[in-house]
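Examining the three-dimensional arrangement
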Amino acid sequence: PLFNWNADSITESFRKYGFEVKSASKVVTEKRRISESEINKWFDSENSAYGTALVAAVGNEDMERIKNLLVTASQKTLFNWNTEIAFIEIRTSSE
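In short, a report on the structure. Every value quoted in this text rests on a predicted model; they were computed, and no experiment measured them.

**Side note on the nonpolar core**
With seven residues, the main nonpolar core is built from I34, I39, F43, L54, M63, L70 and V71. Counting residues per element, this core draws most heavily on helix 3 (residues 49–74), which supplies four residues. If we ignore the near neighbours within four places in the chain, the residues touching M63 are F43, G51, L54, V55 and V58.

If you want it as structure tokens, here you go:
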């Protein structure tokens, strides 16, 4: 998938093609303030795959509403930002 992938989905993708895969991951959570500039980049339907996918899913008008809600919330909110760090070992079956 283009979005929302993790160590399990990557592992499964390689296993489907016959690779042997080992993986370990850790999710790191930090408090983060999201800038309006970042939000504008995410929701840019011409230059961002995420923005393009959002427009396709909900349309321009609803995407703008979502973006504006996030911009408003970001001015006063520290968000929990989750990052998954994955270590993946991929081998061919013959190794």
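And the narrative resumes.
**Let's talk about the packing of aromatic side chains**
This model, assessed by the stated rule, comprises three aromatic pairs. Ring geometry for F14 and F19: centres 5.6 Å apart, planes at 80 degrees, overall edge-to-face. We classify F19 as partly exposed; its relative accessible area is 30%. Look at F43 and Y50: their rings are 6.1 Å apart centre to centre, the planes differ by 80 degrees, and that puts the pair in the edge-to-face class.

**Quick notes on the pattern of salt bridges**
Per the stated rule, a full pass over the model turns up four salt bridges. In this structure, the salt-bridge partner of R65 is D62, at a minimum N-O distance of 2.7 Å. With R65 and D62 both in helix 3 and three residues apart, this pair spans about one turn of that helix. For D62, a relative accessible area of 32% gives the class partly exposed.

**Quick look at the environment of I34**
On the secondary structure map, I34 appears in the loop between strand 1 (20–32) and helix 2 (36–42). The exposure class of I34 is buried, given its relative accessible area of 6%. Ignoring any residue separated from it by four or fewer positions in sequence, one finds I34 in contact with I39, W42, S74, F79 and W81.

Definitions and limits used
Residues numbered from 1 in each chain as written. Predicted model: local features only at pLDDT ≥ 70, side-chain atom pairs only at ≥ 80, totals over all residues. Heavy atoms only, no water. Core = buried A, V, L, I, M, F, W, Y, C linked by side-chain atoms within 4.5 Å. Buried < 20%, exposed > 50% of the residue type's maximum accessible area, 1.4 Å probe, protein only. Helix = DSSP H or I, 4+ residues; strand = E, 2+ residues; numbered from the N terminus. Contact = heavy atoms within 4.5 Å. Phe/Tyr/Trp six-rings, centres within 6.5 Å; stacked < 30°, edge-to-face > 60°. Salt bridge = Lys/Arg side-chain N within 4 Å of Asp/Glu carboxyl O.

Keep in mind these values describe shape, not function.
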